[in-house]
Structure formats: structure tokens, C-alpha cells
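Chain by chain, the residues run as shown.
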Protein chains: 2
Amino acid sequence: MSSDSRPAESGQSVPAPVGSGPSTSAPAGAGPSDSVEAGRVRPTIGRGEKVRTAVLAATLAELAEMRYAALTVDAVARRAGVHKTTVYRRWKDKDGLIVDALAGQIAAEIPIPDTGTVEGDLRLLARGLAAWLRGPSGAAVLAVMLSEAAQAPGIAEARARIFHDRLRRAEPVITRAVERGELPAGIDPGAVIRAVAAPLYFCVLITAEPVDDEAADRSVTAALAAARNGGLG
Amino acid sequence: MSSDSRPAESGQSVPAPVGSGPSTSAPAGAGPSDSVEAGRVRPTIGRGEKVRTAVLAATLAELAEMRYAALTVDAVARRAGVHKTTVYRRWKDKDGLIVDALAGQIAAEIPIPDTGTVEGDLRLLARGLAAWLRGPSGAAVLAVMLSEAAQAPGIAEARARIFHDRLRRAEPVITRAVERGELPAGIDPGAVIRAVAAPLYFCVLITAEPVDDEAADRSVTAALAAARNGGLG
């Protein structure tokens, strides 16, 4: 709960030296050099965040243009206007980069609501997810995630990490509901969030039924009915 | 409900002349020729079913070896040991063939139970689906269905048809439960079946969590709790 929005960075909140062009020859891979750099207090913190944003945006742009298998860290670095070593200093590999880029995009497009009621929160959450799933971002993410799942070993794990992170972030909606007495105390917050999300993915991926506000509301009604009747933990 | 297990054959229950080697020169495409052939009462009915079985098995074998895009009716016919025109007499195109082959495989591997209680039926159904999803058949079907979805326009529709057919076949489990007074009368049978299936697909496709008997039982518990609490229609 206390982690920030950078699941793949493994605590490297220190900005890398930025603007590193071809002259930068720092070794690839995150390591002890980060703590050395942490000693320098310089106005590069804002630039570090800019590099991070540029690299993640470049990753999404590359993903949108080519399939997962064809994406390279070289191409991402070129598009972001940074040196490859700058990317490797922050992300271990291509998979870590993609997980971070997609997780960030999902977090930005589907905020976690706090309306004061569990039904209000879950409806906003479900409608946000439905809109994302039927929109271009969701379609692109799912296409990357699923189309290459069989070929790329890293992607199945990456997908699971992104969605677990996402589900975990939504759980406060349920813990607040329990605190307000809207849902029974023994409930499994993750199970409720999954029960809201699963039917919407099912519509998109399997039955090809519309994923609209109505579908979102139906999944909330069903999940709350189950939750209140002891069906979810 | 009254249809048989051949959703793609559009009523062509008349067997085609079988054993048609290279000498058979009947025109491709199903049509009036079928009713002409229906006039001949010959012992080819069993052989017609054998051809059908051989062609569908050849389709699954071809699908397992190559991606959807690379599958051809020619290769299926060659593998089944029949002439291409024999295939085209029964199936309009490659998509119809694949839908029929996959739907048949799913029906064979996940039977619809009738144990006498809705909980017993749904548990068997959910455990059967879970076993299929984590087994080689389910993995192969999902890989075909999802990996080519973006490229092949026919496949998204085919997928929806297979799963709608499948959901519809399972609905008697719920209508029988309503008749026995186990579930409220106003319930939507399709919604209950979807509520059982969706979390299992979600585990396999998104969260990469185990799809075991426990996951199956959890989805049944949640679906029944929702159904009995007015959450599913």
C-alpha cells in the first residue's frame, strides 16, 4: 500500500544523470553506481522525472507501432532522445520497461474513486474499466498482453504483475466500505474487486458483448450482492 | 435449445457422398445439390459422420501445428484424406470449419451435468471448465482465439459464437434449479452461467492465478450468493 507508482524500479527513486548523449559511457544495469550518484545534490531531479516520462511515453509509442517481440530498448531510447545506458540504469530489461509503461497508463486512465459509498466507488471503477477496455488504450494493451503471451515468457508474468498491482490499488475502496459498515468485516477486498472486473474482461475477450456502462453496473450489482451474501470470503 | 451439436452446418444433416478422392468433381459450396443427394438412400450415413469426424479432427490437428492464419482447407482435406470439395460441401469456409471443430471439442471435454442440485451441477461445470482451461486443449483454443483476434476478422465472431453456444447449452442447469425452487424465478440463466465462467477466464487470461478446483468452487459460491441475493437479474 505504501509503494509508489513505480513497481518495476525496485526503489531507485534517485534520478539518473540526464541528457546523457552518446558521450555517456556508464555501464548498463542498475547497481551500486546509483548510490554514488545519490550523493550529488543537483537540480536534475525534475529532469530525471522528465527522462522517466519520456522513456515510458516512447515505450508506449513503440508498442503501439510494433508487436512486443519487435520492441527494442535501442528504439525506445532513440525515440525518447536518451542514451540506451540511461534506460538500462532505470529498467533491468525490456519487460520491466513495458510493465512500468503499461501500469502507468492504466493508473492514469482508471483512477481509484472515493465517493463515500461502496456502490458509488465501484460503479465509477467499473465504468472507468469498461471505458478503458473498449477504448484504444485498453485494446492496445490487451493485444500486446495476450497476443504475445505464448511466445514471450516475460509477458505472462508482466501481465500478472500489472493486474495484481492494479487490483491491490483498488482494495481501499472495499476496506473503506467495511469501515463504514457497508460490507461484512470478514470480506476479501481483492475478491470483490476481481468480481467487479472479471465479467468486463470476459465480455471483451470471450463473448464479444458490449462493455458499456450497463455492463459495468451489472457487474457491480452482482459483486455487491455476492459480497453481502457471504459469497466473497 | 433444440439444435444439435453442429452450429455451423445450418441444417445440412444429409451426409455428403464420402470417400471422394481426386475423381470427385462436385462443385464447391453447400447448396441445392444436398437435397438431390438426400434422395439417395444409401449406407453412407455412417460414412458421412466418419468424414465429418475426420475433417474436424484434422482441423484441430492443423490448428495445433500452425497458427490460424496459416491454416488452409486444402491442408485439412489432405490430412483427413478427403477431397477439398467434400469439405466445402459441408462447411462454407475455414472459419465455419474452425468454429465447428472447437465447439465440438469443448462440448466433448466439458459435459453439462445434471446432479439434482444447482450447487452440484455448477461445481462440476466450473471444475470441468477449470480443468479444460488449464489443460492443453483450452490453452490451444485460447491461443488460437486470442492471438489472431486482431488480424482475422472472422475469428472474433467465431469466438463469440462458440461461447454463446456453450453458455446457452449450460442454461438448463439454471432453469432446472428454478423449477426445483433453488433459485428465484426471475433469474437470468445466462447471467448465472457467465458469473461462474468469468472469474475462471479472468484467472487464466489476466491475473495468471491457478485455475484449480478451489478457484472453480469459489466462483460457484460467489455466483450462487449473487443469484440468491438478487444480483443476477
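Remember, it's a predicted structure, so these values are computed and weren't measured experimentally. (Residues numbered from 1 in each chain as written. Chains lettered and ligands numbered in written order. Predicted model: local features only at pLDDT ≥ 70, side-chain atom pairs only at ≥ 80, totals over all residues. Heavy atoms only, no water.)

**Some remarks on the overall build of chain A**
Here's step 1: Along its length, chain A carries eleven helices and zero strands.
Here's step 2: Starting at the N terminus and ending at the C terminus, chain A contains elements arranged as α-α-α-α-α-α-α-α-α-α-α.
Here's step 3: Looking at the 233 residues of chain A, the share that counts as buried comes to 49%.
Here's step 4: A fraction of 70% describes how many contacts in chain A between residues 6 or more apart in sequence connect residues 24 or more apart.
Here's step 5: For chain A, the accessible area works out to roughly 10300 Å², and carbon and sulfur atoms hold 57% of it. (Helix = DSSP H or I, 4+ residues; strand = E, 2+ residues; numbered from the N terminus. Buried < 20%, exposed > 50% of the residue type's maximum accessible area, 1.4 Å probe, protein only. Contact = heavy atoms within 4.5 Å. Areas by Shrake-Rupley, 256 points an atom, 1.4 Å probe, with all protein chains shown as cover.)

**Things to note about the layout of surface pockets**
Here's step 1: If you add up the space inside the largest pocket, you get close to 940 Å³.
Here's step 2: Looking at the largest pocket, it is lined by 41 residues, and the ones nearest its centre are A195 and P199 of chain A together with A195, A198 and P199 of chain B.
Here's step 3: At the level of elements, α10 (189-207) and α11 (213-228) of chain A together with α10 (189-207) and α11 (213-228) of chain B are the ones that each hand at least two residues to the lining of the largest pocket.
Here's step 4: For the lining of the largest pocket, a count of residues per class yields 25 nonpolar, eight polar and eight charged. (1 Å grid on protein atoms, 1.4 Å probe; cavity = no way out; pocket = protein on both sides within 12 Å on 5 of 7 lines; lining within 4 Å. Points joined across faces, edges and corners; volume = space filled by probe spheres on them. Nonpolar A, V, L, I, M, F, W, Y, C, P; charged D, E, K, R; others polar.)

**Examining the packing of aromatic side chains**
Here's step 1: Scanning the model with the defined rule gives four aromatic pairs over all chains in all.
Here's step 2: Ring centres 5.6 Å apart and planes at 85° place the aromatic pair F163 of chain A and Y201 of chain A in the edge-to-face group. Placement of the pair is F163 of chain A in helix α8 (residues 153-170) and Y201 of chain A in helix α10, with a sequence separation of 38 residues. Of the two residues, F163 of chain A and Y201 of chain A, both sit in the buried class.
Here's step 3: Chaining the aromatic ring pairs together yields one cluster made of F163 and Y201 of chain A together with F202 of chain B. (Phe/Tyr/Trp six-rings, centres within 6.5 Å; stacked < 30°, edge-to-face > 60°.)

**Re the nonpolar core**
Here's step 1: Counting 138 residues, the largest nonpolar core has L122 and Y201 of chain A together with L122 and Y201 of chain B as the members making the most contacts within it.
Here's step 2: Not counting residues within four places of it along the chain, the set of residues in contact with L122 of chain A comprises V173, I174, V192, I193, V196, V220 and L224 of chain A. (Core = buried A, V, L, I, M, F, W, Y, C linked by side-chain atoms within 4.5 Å.)

**Quick notes on the relation of the copies chain B and chain A**
Here's step 1: In screw terms, the move from chain B to chain A is a rotation of 180° and a rise of 0.0 Å along the axis, fitting with an RMSD of 0.1 Å. On the angle and the small slide along the axis, the relation comes out as a two-fold axis.
Here's step 2: Interface overlap between copies is the fraction of interface residues in one copy that are interface residues in the other; for chain B against chain A it reaches 100%, indicating a shared surface. (Least-squares fit on C-alpha atoms with pLDDT ≥ 70 in both.)

**Observations concerning the side chain of D100 of chain B**
All names here are of chain B.
Here's step 1: Mapping D100 onto the fold places it in helix α5 (residues 94-109).
Here's step 2: Taking the relative accessible area as the measure of exposure, D100 reaches 0% and is therefore buried.
Here's step 3: For D100, the side chain forms a polar contact with the side chain of R52, separated by 3.2 Å. (Polar contact = N/O pair within 3.5 Å; in protein donor to acceptor, adjacent residues only side chain to side chain.)

**Quick look at the interface of chain B and chain A**
Here's step 1: At the interface, 30 residues of chain B touch 30 residues of chain A.
Here's step 2: Taken together, the two surfaces of chain B and chain A that pack against each other cover about 2400 Å², and 66% of this comes from carbon and sulfur.
Here's step 3: Area buried by chain B at its contact with chain A is led by F202, L205 and I206 of chain B, which between them contribute 24% of it.
Here's step 4: Counting every contact that joins chain B to chain A gives two salt bridges.
Here's step 5: Between E209 of chain A and R194 of chain B there is a salt bridge, with its nearest N and O atoms 2.6 Å apart.
Here's step 6: Scanning the region where chain B abuts chain A turns up six residue pairs in polar contact (both at pLDDT 80 or more).
Here's step 7: Of all the secondary-structure elements, those providing two or more residues to the side of chain B that touches chain A are α7 (136-147), α8 (153-170), α10 and α11 of chain B.
Here's step 8: Here the side of chain B that touches chain A gets ten residues from one element, more than from any other, and that element is α10 of chain B.
Here's step 9: For the side of chain B that touches chain A, the residue count by class is 18 nonpolar, seven polar and five charged. (Buried area = accessible area lost by both parts, 1.4 Å probe. Salt bridge = Lys/Arg side-chain N within 4 Å of Asp/Glu carboxyl O.)

**Thoughts on helix α6 (residues 118-134) of chain B**
Residues and elements named next belong to chain B.
Here's step 1: Along its 17 residues, α6 runs 24 Å from first to last C-alpha, staying within 8% of the 24 Å computed at 1.5 Å per residue.
Here's step 2: If you check which residues of α6 are buried, you get V118, D121, L122, L125, A126, L129, A130, W132 and L133. In a view along the axis of α6, the buried residues occupy a sector of 165°, so they form one face of it. (Expected span 1.5 Å × (residues − 1). Arc of directions from axis to C-beta.)

**A look at the pattern of salt bridges**
Residue and element names in this part refer to chain A.
Here's step 1: For the coordinates displayed, the defined rule picks out 29 salt bridges over all chains.
Here's step 2: Measuring nitrogen to oxygen at the nearest pair gives 3.4 Å for the salt bridge that ties R123 to E119. Remark: E119 and R123 occur in helix α6 (residues 118-134); sequence separation between them is four residues, near one turn of the helix.
Here's step 3: Using a relative accessible area of 27% as the deciding quantity, one classes R123 as partly exposed.
Here's step 4: Among the salt bridges present, the one from R180 reaches E182, with a minimum N-O distance of 2.8 Å.
Here's step 5: Judged by relative accessible area, E182 falls into the partly exposed class, the value being 24%.
Here's step 6: Because the salt bridges share partners, they merge into one network encompassing E119, R123, R127, D213 and D217.

**Quick notes on the environment of D100 of chain A**
Here's step 1: Placed 58 residues apart in sequence, D100 of chain A and A158 of chain A show a C-alpha to C-alpha distance of 9.3 Å.
Here's step 2: Reaching out from D100 of chain A, the side chain makes a polar contact with the side chain of W91 of chain A at a distance of 2.7 Å.

**Some details on unusual backbone geometry**
Residue and element names in this part refer to chain A.
Here's step 1: A positive phi angle, close to 55°, is found at A208, a residue other than glycine.
Here's step 2: Its location among the elements puts A208 in the loop between α10 and α11.
Here's step 3: Judged by relative accessible area, which is 43%, A208 ranks as partly exposed.

**Describing the confidence of the model for chain A**
Residue and element names in this part refer to chain A.
Here's step 1: Chain-level statistics for chain A give a pLDDT mean of 78 and a share of 77% at 70 or above.
Here's step 2: Taken element by element, the predicted model of chain A shows its lowest mean pLDDT in helix α1 (residues 33-38) (38) and its highest in α11 (97).
Here's step 3: A low-confidence stretch, residues 1-44 (pLDDT under 50), is modelled with 61 contacts involving residues beyond four sequence positions or located in other chains.
Here's step 4: Scored as a complex, the prediction yields pTM 0.73 and ipTM 0.72. (pLDDT = per-residue confidence, 0-100.)

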